[in-house]
Amino acid sequence: RVFTGVLPAWDRVEEAVQDAHRRSSSAADGSVADYIPALANADPDLFGVCVVETDGAVHGAGDTDAAFSIQSVSKVLTYALASDTVGHDVIAERIGVNSTGQSFDSVMAIELNGGHTMNPMVNAGAIATTALLPGADAGERWEILHDAFSRFAGRSLELDEDVYRSEAEHNQRNMAIARLLESYGRLDVEPLEIVDVYTKQCSLRVTARDLAVMGATLADGGVNPVTDDHVVSPEACTATLAVMATSGLYERSGEWLFEIGIPGKSGVSGGILAVVPGKAGIGVYSPPLDDAGNSVRGQRSLAYLSRVLGLNLFASA
Ligand code: GLN
């Protein structure tokens, strides 16, 4: 164990989680993503908040066991895994670490950067990161990825076949991004096969509790605090938290860090995973999104937790 849990006392955290859920439930703005048809069916009222401490303590409020497709939050785990495999210098050079300031599916961000991806937390960099995973072919890469995601969660994760099929029929833009990267010599593998693995990784079913356990694993130097499994190295966690901080909420990443002050990553199904290094992982699920594609209640409840539990990494008092 690299770190030890140092959040406030158990009952204070418990109360803060209940309060964060209650106070954010009334936020009625935002709308459920519909560019992937299967996502449009999500129940907008589902709302779960879960904190898992690095000593394994679990605090939950609301729908912490409601399942949803992980979507862009998967980018965090793939990056940690690829980083662990290819190492710091290769991942930095191949993928990039700076924010794009553009939407998650931006093509301009590639064009303006000379054909090079800018960071792994948006689609272009995430697809290029999936291409760095070990494995002789797409089938092996998928197995390695599925196994690692399950170890991050501490349980075997299932593919949401409906979401996968629906997204596979509507991901022309991601295919175009992969072809564009190929044209710049930035992909060493067959582009459409990689988009398929990427689409599957986005379609794995998780809960807010799973996101919190995954976050706690990243907070704990790569050791899952519930199962004690060593999933990735501490160095891979450090690198992953840095890119989450610069780019985890797309074009709103600066505002997020300014207001909340901890690394986070959102996805279009309404999940947010946040990490308090050394202390805890936080998972939130609520489908209505703001216009950048970030969960409205997710952001609100995380802002509350950060404030009352003193989580902001930039605060010195
Ligand atoms: N699977 C989605 C896509 O690639 C993920 C996007 C997201 O969650 N922002 O379009």
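Here the structure is a predicted model, which is why all the values come from computation and not from measurement.

Looking now at the site of the ligand. In the vicinity of the ligand, the contacting residues are Gln71, Ser72, Phe104, Asp105, Asn123, Glu167, Asn174, Cys202, Gly267, Val268 and Gly293. Residues that form the shell around the ligand fall into these classes: 3 nonpolar, 6 polar and 2 charged. If you count residues domain by domain, the shell around the ligand takes at least three from each of domain 1 (10-71 + 205-309) and domain 2 (74-202).

Attention now moves to the domain arrangement of the chain. Assigned domains of the chain: these are domain 1 (10-71 + 205-309) and domain 2 (74-202). Placing a centre on the C-alpha atoms of domain 1 and another on those of domain 2 gives a separation of 20 Å. Mapped onto the side of domain 1 that touches domain 2, the elements with two or more residues apiece are β4 (205-206), α10 (208-219) and α11 (234-247). No other element matches the 10 residues that α11 contributes to the side of domain 1 that touches domain 2.

Across the 5 residues that make up strand β2 (residues 58-62), a large majority, 4, are buried. The antiparallel pairing of strand β1 (residues 48-53) with β2 creates a hairpin that spans 4 residues between the two strands, and Gly56 there sits at a positive phi of about 95°.

Tracing the sequence through the fold places Arg209 in helix α10. Distance from Arg209 to Cys50, taken between C-alpha atoms, is 5.5 Å for residues 159 residues apart in sequence. The contacts of Arg209, once residues within four sequence positions are left out, are Cys50, Gly60, Thr64, Asp65 and Gly283.

Right, let's talk about the pairing of β1 for a bit. Most of β1 sits inside the fold, with 6 of its 6 residues counted as buried. Relative to β2, β1 is paired through 5 bridges, and the arrangement is antiparallel. Bridge pairing in β2 places Gly48 opposite Gly62. As paired strands, β1 and strand β7 (residues 280-285) are joined by 6 bridges and run antiparallel to one another. When the sheet's bridge partners are listed, Val51 is paired in β7 with Ile282.

The rules behind these values
- Residues numbered from 1 in each chain as written.
- Predicted model: local features only at pLDDT ≥ 70, side-chain atom pairs only at ≥ 80, totals over all residues.
- Near = placed C-beta within 6 Å.
- Nonpolar A, V, L, I, M, F, W, Y, C, P; charged D, E, K, R; others polar.
- Domains from an automatic or database assignment.
- Helix = DSSP H or I, 4+ residues; strand = E, 2+ residues; numbered from the N terminus.
- Buried ≥ 20, exposed ≤ 12 C-beta atoms within 10 Å, placed from the backbone.
- Pairing = 2+ DSSP bridges.
- Contact = placed C-beta atoms within 7 Å.

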